[in-house]
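Here is how the chains run, residue by residue.
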Amino acid sequence: MNFTILLIVLLFSDLILAQDVGNANETEISIEIQSCNPDMCGLLREFGAMTEKLRAVETRLKDSETQILELKNKESTKVIFSAATGGGLNNIGPFNTDTTLIYRTVISNIGNAYSPSTGIFVAPVAGVYYFTIFYHASGENYAHLLLYKNNNVTVWTNDHKSSFDTADNGGNAVFLQLQRGDQVFVRMAANTTVWGTDYDTTFSGFLVTQM
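Criteria and thresholds
Residues numbered from 1 in each chain as written. Predicted model: local features only at pLDDT ≥ 70, side-chain atom pairs only at ≥ 80, totals over all residues. Heavy atoms only, no water. Pairing = 2+ DSSP bridges. Helix = DSSP H or I, 4+ residues; strand = E, 2+ residues; numbered from the N terminus. Axes fitted to C-alpha atoms, helices over the stretch in contact; angles between N-to-C directions. Buried < 20%, exposed > 50% of the residue type's maximum accessible area, 1.4 Å probe, protein only.

Caption draft 1: Focus on the sheet that holds strand S12 (residues 202-210). The strand order across the open sheet built from five strands is S4-S1-S12-S6-S9, with neighbouring strands paired in antiparallel fashion. Only two strands of the sheet have a single neighbouring strand rather than two, namely strand S4 (105-110) and strand S9 (167-178). Across the sheet, the mean angle from the axis of one strand to that of its neighbour is 10°, orientation sign disregarded. Bridge count for strand S1 (residues 80-84) against S4 is five bridges, and the pairing is antiparallel. Looking across to S4, one finds that Ala84 is bridged to Thr105.

Next up, the structure:
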């Protein structure tokens, strides 16, 4: 009886501790079942079934760990920025051609996806983003800002010049689905102006959800 218990313990230990020898274990169990007495055969079959269940549980645990890591990575990706034209200038422009507007005064830049030297936001991950543009301009000049996704205009905001209107404000907003590396930026249309300070003309955005 003690010999039988010892044999069972050894077989069970081999099944639990062995790595990369699953097929060999199954062969050993098959041989033992063919040459064992009825009681031992039943025990061996139970241990074999138990081993398969343990392998299935291990596989599910690994899959769960992978899913948890993916969720953590998504949660840890935070992209938020806001910047103003800055420079202390009353007017930026007019220029002869459409010109990328550089927002040099960074208010926030979590994730460092916005560049204050180029005025361009580059999506670090695929997802849906929300962008806003606002401006202040003198009423005697034409104001027109266009928000681009790569080479395509998505939205714009503008106001016609007026002899009786001394100042204008405008803005627009949009949700954009971006792939990693997509660029978003603002261009000022030719022959237009906006007010350039740390407070009036701004460009902002953030990641709503990663995809």
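Caption draft 2: How the structure looks around unusual backbone geometry. That bond from Gly93 to Pro94 is cis: its omega, 0°, falls within 30 degrees of zero. On the secondary structure map, Pro94 appears in the loop between strand S2 (89-92) and strand S3 (99-100). At Asn112, a residue that is not glycine, the phi angle is positive and equals roughly 55°. Along the polypeptide, Asn112 turns up in the loop between S4 and strand S5 (121-122). Residue Asn112 is classed as exposed on the basis of its relative accessible area of 64%. We note that Asn191 has phi near 65°; this positive angle belongs to a residue other than glycine.

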